[in-house]
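Letter by letter, the chains look like this.
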Amino acid sequence: MAELPSGLLEACVVLGASSDKLRDVFQLHQQTKLDEQLLLEAEVLQVHAPPFVSKETHSSHAIGPAFSRVQRRKSFIKKKRRDRGAEASSNGDTLNRADVSSATEDISVPKDLDLIALPQLCFPGGLQLTNEHKEDGYHFLVFTDLFGNRTHGVVVQHYRAVQSCLEGAVQNGHRWNSSKSRLYAPFAVCVISKFPYYNALKDSLSCLLAQLRTARQADFEETIKEFSAKLSLVPLPPPGQLHVAFSLRPLQIVLPSREDQDSPVIDIDLHLPFLCFTHTTLLQLLSCLLQEQRMVFFSSDWARLTLVAESLLLYLRPLSWQQPYVPVLAGGMLDFLMAPTAFLMGCHISHFEEVAEETEDLILVNIDDGIIQASWSEPDDLPAVPLAATEIFISRSECLQLHYDLELCHLGAGTDVNALRGQRRDWQRRLNAQIQNIALELVVNIFRGVQDFLSHEHRVFNSEEFLRTREPSDQAFYKKVLETHIFHSFLRDRLNRKWDSFSRMEQNTRNSVYRNRAMTESPRRPPVSDLSRTGYRSYISPSDRLSKRLGASLPNLDQPACDCVTALSLKRPASLRKVTPDFGLKSPQEAVKVFNLPDFPPPLAYHYVQNYYSDMVALLGRAITATPPDKSSLLARYHYMRGLVNTVSNRRLDALEDFQSLYKTDADIFPSQMVKSLVDSLPEVERLQVDRRPEIKRLISRVRRDQERERAHHGNSAEEDSVKRFQLPKKYMQLEEFVKCVQESGIVKDQGAIHKLFDALTVGQQKQVAPDLFRVFYTIWKETEAEAQEVCLPASVLEHIEPSECVFKLSSSVKTSRGVGKIAMTQRRLFLLTDGRPGYVEVAQYRDLEEVKVSSAPFLLLRIPSLKLRVRGRKEAFEANLKTETELWNLMIKEMWAGRNMADRHKDPQLMQQALTNALLMDAVVGSLQSSKAIFAASKLAHFDRIKMEVPMMVPKTTAETLKHKINPCLELAAPQAVDVLLYTPGQLWVSVGGGKVMVFDASSWSLTHTCQVGNARLNCMMGVSSDQVWMGSQDSVIYIISMVALVCNRQLTEHRAEVTGLALDTEKYSQKVAYSCSAEGTVMMWEVSTLQVKKQFRLSCDHLQSVHSCDGTLWCCSRDLIMEVWRSGSVKRRLRPPEQPSGSTATFSSVLVLPERDELWTVCIGFGEVCIWHVKDASKPSHHVALQDCTGCYCMIKVKNQVWVGCVGRSSTKGKVYILDTETHQVLKELHGHNDKVKALCSAEDRYVLSGAGKQDGKIAIWKVE
């Protein structure tokens, strides 16, 4: 049986005093004329829950309508005095038919719905009878089960005269005399839903009361049952911009949709807390929630308790409250406040003094007066939200327009109530969006930078390091928050790389600041300009500087690449982040579309309900037809709704077809669980029909594959929930454990550097690192970091230093040939910070060094070790009496010198950052070993200095002139990954590395702007299809479609059955754009780009089809064993096989390039270093072969201007090469050396630059200038 989706209504419960009790009380009232209010015990009188109608019993496997979820039910027996009923019946008069039937029948209650506490919660102040009629009152409930799942209730208390409740009843043969004083009793109607549609359900109950006021008592139950049945027919809107509206006369009621799959439903007025509290008090409340304090809200209005509590919890999204949550406590439930755990509860204001006196360690919040106090101290003693985040929140909040009346100043009086309500809804929706943005920005500002202290590989959070980067005044707040369940859940989502609202705003705000700045991986240090302006304790947060996730890059490639290298600064203190007043709030609001449901069927009979669903399907069909294909997001919502309705109306195959359409419109809202349940519930008759519907057949096969993948992945679910805190080791570590520990600590991620560090720390001993040694090493690393951060440079020194420079190492005060002072090392230069009045003396920029050597200087009768530096352009050498530090500084400066030279020659700024990391590791190794072997051990880390001695550093002149820059897309990874595909679109570079990871770089600065995960398999090809679409063919047989504007991947083409290997674009007649795709088993598909429909497909017989190209009405298809020219109909026009080699072996094609203007076809093969050129029109002409010197294999080709660039691997070594050939002379123009592994991908940027990507031994992208 399919598991059906939840509808709007879970149950509708009527509560109040039983008619027996009312009869007794009324009789007493008639006799004594009691004036005081009477309290009675409330009972459950009626429960209405789906299904309200069902198909005849002959269809045993049918899914009933009206969202009739098949479930186990339990019985809730009404307490009835049967003797009273029997007595009334024996006198010949009729008792209320509903009461008779309910006296003898069980009330059916949905599973997981506990009604025991409901009477108290619906009458939290008690069930009181009054002499005067009272206005109807509403309040809201939240129920939480053992698993943390919440259900929501909206309650209305409706007063009815007791006489009317007992109308028609008799006692001893006499009717009640209703002419005497009247007595009023409240009844509660509680609508329970899985979703917090508070406003919509409140409006619905208002419509119900309009009917109940004029209804006879005999029709009371039937009216509520009909109301419940109507709500059960309402489908919930899918996430996105489509809302659902239905009519319960006289009101039109709208169900707003969630923003996305991970967002909650918001159907309340989020500005209510702003009306109740000052901004400072509001921030205190949020601080207490983040610290998981024991909080109790008080108000004289029961409704206010839930609405304010719900709003505050929504402000914290995506953080989620994990503790007990009961926003409304009845008077008899106050013992809940004695619970020892953290909680959030609400009470009536009349209990304030009692609670304050009897309980301890509570935060007491008076909503009515807008004050907060602690039961043990002043609220000011509570840790506050970090100052900078507070200031931004308050400045934003002061700009909010919270009063709707101001919106009405220029409008006339409306006469259409639904139009007026619609205006108010639109205003509230806009205000809610602004408040959500402000609250989200607050959360982002509080927790910005958390991900920089995570080790995703080992699921570790370095909490101590994170705390150390917070401002001292904020430490108390963060220490408490880091220990909470709410923060643990937040960390788990970060480790699982969840892409939620926090991730989006955090990255978007970073991008807007750092768009045109460069960054490479380096140890965390703040730039000296930031440290020195106001001192260490108040410098600007490094989150205002460039993220280490930005690729090393330069905006102007005509300048020397390494001149603009900046170093990653320490994330300190993130709590001081400064933002401009309107920063971070620019989130475009999508236009909302409202789908109006048809009118509800009058009688609740099965065929009427089925007709209602048919009408809804027809309306949705018309909406789909009227929506243009470019509105794919809206189309997806219509298909989702129609699939939902088809599901509950038992049209399974139609529902599956609608859900299949979501892949091409918006796969993010694909209801996986519902579809799996549908597929599993298909009867045999419908399974036989699947073969005639290929779309559904594909969907079912994919569901099966996903189920198998989930079963295989099930064992890792526990790991995905784990979050560990970094701890120093307690036992000896072998290499593998050492690598893990260093990566967890955040010192360095690169495995190569960690291996060298392991060799250094284990020199002359067993290959294992003692825990005490690592603790000393870690401490020295952090102390050196802190010392550099304490640097405070005067303005006279700052003017000589680049803003991006960081001080990484300071010597002790020493005598030098240029005066006495401390030698400072940045990533760019050495300078002397003179003693006394601090002054700046330039020592050398690394690229200007000519010699670095250890010397000795005379001092009295002794000779003191010194370091001597010779600098280009200076006659006199610089000498410093560094004494015991001499050998260490000698190693560090030589490594920096060698790294700078290699970075300059290879145009790769990251090499300089690697050298810097090595130098700092040397410093920590020498400090931790403190032995005669310390310098020798540190020399193990002198990677670039050793390479300089072993391998010539000269780069061939041709390469040096052509190479402009390098990008490293694998900075945040522990090891390099192969660059699988490169694609340039106007202004953007798309890079695919690893298992579906795609990085987008800004082509003006070559800086990383966005990262997204496209499936979980390797990507084989990319293609820009339109101004807003990039298609990506994956190894998992799916073509993923990414929006270039929104940078989201929510559309998929799933028609291929094997890995997609090639994509091509063409224009048919009438200028209609079509795309071609091919998969490894030989299938070629032709797509209509506007509709994403397959217009044609055929299959070729070949060995692993690799690519497809469109040219002059034919397709050129390249496989491993042959190249085929194919008519668009699919018939093969010509076959070309790879040339035989002198050795007799057969080559394997790797790439093909069609030059239609020259009637030539260029091919290259794996394992052979030559280019083969075929004549396209004259097959009789022999092919021409161009040998590539020192090449053993070719992998890719592109044409740029009148050149063909070929990506290869060298013969004499495994280093990657790029050959440039002239298309006319077929001569090799250049041979370029730029990679340490084979060149796997090439792309052109507007014919100005060519970008090459290498295999995993290199993992970098080289940018070459096109002549």
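The rules we used
- Residues numbered from 1 in each chain as written.
- Predicted model: local features only at pLDDT ≥ 70, side-chain atom pairs only at ≥ 80, totals over all residues.
- Heavy atoms only, no water.
- Helix = DSSP H or I, 4+ residues; strand = E, 2+ residues; numbered from the N terminus.
- Buried < 20%, exposed > 50% of the residue type's maximum accessible area, 1.4 Å probe, protein only.
- Contact = heavy atoms within 4.5 Å.
- Pairing = 2+ DSSP bridges.
- Salt bridge = Lys/Arg side-chain N within 4 Å of Asp/Glu carboxyl O.
- pLDDT = per-residue confidence, 0-100.
- Axes fitted to C-alpha atoms, helices over the stretch in contact; angles between N-to-C directions.
- Parallel < 35°, antiparallel > 145°, perpendicular 65-115°, else oblique.
- Nonpolar A, V, L, I, M, F, W, Y, C, P; charged D, E, K, R; others polar.
- Expected span 1.5 Å × (residues − 1).

Chemist: I tried to follow the overall build of the chain on my own but got confused; where do I start?
Modeler: Broken down by element type, the chain carries 34 helices and 58 strands. When the 1267 residues of the chain are sorted by exposure, 59% land in the buried category. Within the chain, counting contacts between residues at least 6 apart in sequence, those at least 24 apart form 62% of the total.

Chemist: Looking at this structure, how should I read the pairing of strand E8 (residues 150-161)?
Modeler: The side chains of a regular strand alternate between the sheet's two faces. With 11 of its 12 residues buried, E8 lies for the most part within the structure. Here strand E7 (residues 137-144) pairs with E8 via eight bridges, running antiparallel. Its bridge partner lying in E8, Gly-137 is registered against Gln-157. Two successive antiparallel strands, E7 and E8, enclose a turn made up of five residues, where Gly-148 displays a positive phi of approximately 85°. Pairing between E8 and strand E11 (residues 184-193): 10 bridges, direction antiparallel. The residue of E11 that forms the bridge with Val-154 is Val-191.

Chemist: Honestly, the pattern of salt bridges in this entry has me stumped. Any pointers?
Modeler: Any two side chains of opposite charge can pair, on the condition that their charged atoms come close. What the rule picks out here adds up to 49 salt bridges. Where Glu-785 meets Arg-468, a salt bridge forms, and the shortest distance between an N and an O atom there is 2.6 Å. Linking Glu-785 in helix H28 (residues 771-789) with Arg-468 in helix H14 (residues 463-468), this pair joins segments that are 317 residues apart in sequence. Here Glu-785 falls in the buried class, since its relative accessible area comes to 1%. Overall, the relative accessible area of 24% leaves Arg-468 in the partly exposed class. Measuring nitrogen to oxygen at the nearest pair gives 3.0 Å for the salt bridge that ties Lys-809 to Asp-923. Placement of Lys-809 in strand E23 (residues 809-810) and of Asp-923 in helix H31 (residues 909-929) is noted, with a sequence separation of 114 residues between them. An identical accessibility class is assigned to Lys-809 and Asp-923; each is buried. One continuous salt-bridge network, built from bridges that share partners, spans Glu-465, Arg-468, Lys-782 and Glu-785.

Chemist: Before we go on, may I ask you to explain the confidence of the model for the chain in this structure?
Modeler: Detailed reading of the predicted coordinates is not advisable wherever pLDDT is low. Of the residues in the chain, 84% have a pLDDT of 70 or more, and the chain-wide mean is 81. Mean pLDDT values for the elements of the chain range from 36 in helix H3 (residues 97-104) up to 95 in helix H10 (residues 302-315). Considering only residues more than four positions removed or in separate chains, one finds that residues 528-587, a stretch of pLDDT under 50, has 234 contacts.

Chemist: I keep staring at the sheet that holds strand E57 (residues 1249-1254) and nothing clicks. Help me out?
Modeler: Note: strands within a sheet are paired through backbone hydrogen bonds, in either parallel or antiparallel orientation. A sheet is described by the order of its strands in space; here four strands give the open sequence E31-E58-E57-E56, paired in antiparallel fashion. Each edge of the open sheet is held by one strand with a lone partner, namely strand E31 (963-967) and strand E56 (1239-1245). Direction aside, neighbouring strands of the sheet carry axes that sit 20° apart on average. Where E31 meets strand E58 (residues 1261-1265), four bridges bridge the pair, whose relative direction is antiparallel. Bridge pairing links Ile-967 to Ile-1261 in E58.

Chemist: Even after reading the chapter, I still don't get the environment of Gly-1216, so can you show me in this structure?
Modeler: For Gly-1216, the position within the fold is in strand E54 (residues 1216-1222). Exposure remark for Gly-1216: the relative accessible area of 0% places this residue in the buried category. On a C-alpha basis, the gap between Gly-1216 and Asp-1258 in space is 9.0 Å, while along the polypeptide they are 42 residues apart. Ignoring any residue separated from it by four or fewer positions in sequence, one finds Gly-1216 in contact with Cys-1208, Val-1209, Leu-1232, His-1233, Gly-1234, His-1235, Asn-1236, Asp-1237, Lys-1238 and Val-1239.

Chemist: Is there a simple way to explain the packing of helix H30 (residues 886-906) against H31 in this structure?
Modeler: Packed helices, taken two at a time, are described by the angle between their axes plus the distance between the axes. Where H30 meets H31, the closest approach of the two axes is 7 Å, and the angle between their N-to-C directions is 170°. Taken together, the axis directions place H30 and H31 in an arrangement best described as roughly antiparallel. Every residue of H31 that contacts H30 at Leu-888, Leu-891, Met-892, Glu-895, Met-896, Gly-899, Arg-900, Met-902, Ala-903 and His-906 is listed here: Pro-909, Leu-911, Met-912, Ala-915, Leu-916, Asn-918, Ala-919, Met-922, Asp-923 and Val-926. Partitioned by chemical class, the residues of the contact of H30 with H31 number 14 nonpolar, three polar and three charged.

Chemist: Any chance you could explain H31 here in plain terms?
Modeler: Counting along an α-helix, one turn takes 3.6 residues, and residues three or four places apart therefore face a common direction. Taking 1.5 Å per residue, 21 residues should reach 30 Å; H31 reaches 31 Å between its end C-alpha atoms and fits that length. Positioned one or two residues after H31, Gln-930 has a phi angle of 50°, which is positive.

Chemist: For this particular structure, what's the right way to read the sheet that holds strand E17 (residues 363-366)?
Modeler: Strand order in the open sheet made by the five strands is E15-E16-E14-E17-E18, with mixed pairing throughout. With one partner strand each, in any of the chains shown, strand E15 (325-326) and strand E18 (371-374) form the two edges of the open sheet. Both E17 and E18 contribute to a ladder of four bridges, which runs antiparallel. Bridge assignment links Leu-364 to a residue of E18, and that residue is Gln-373. Helix-sheet contacts for helix H9 (residues 279-290) involve strand E14 (294-299), strand E16 (343-348), E17 and E18, and the interaxial angle to E18 is about 45°. Against the sheet, H10 contacts E14, E15 and E16, and its axis sits at roughly 140° relative to E14.

Chemist: What am I meant to see in the packing of helix H12 (residues 387-397) against helix H13 (residues 417-447) here?
Modeler: Orientation of H12 relative to H13, taken along the N-to-C sense of each, is 170°, at an axis distance of 9 Å. Judged by the angle between their axes, H12 and H13 are roughly antiparallel. Judged by residue contacts, Ala-389, Ile-392, Phe-393, Arg-396 and Ser-397 of H12 engage Ile-438, Glu-441, Leu-442, Asn-445 and Ile-446 from H13. Here the residues of the contact of H12 with H13 sort into six nonpolar, two polar and two charged.

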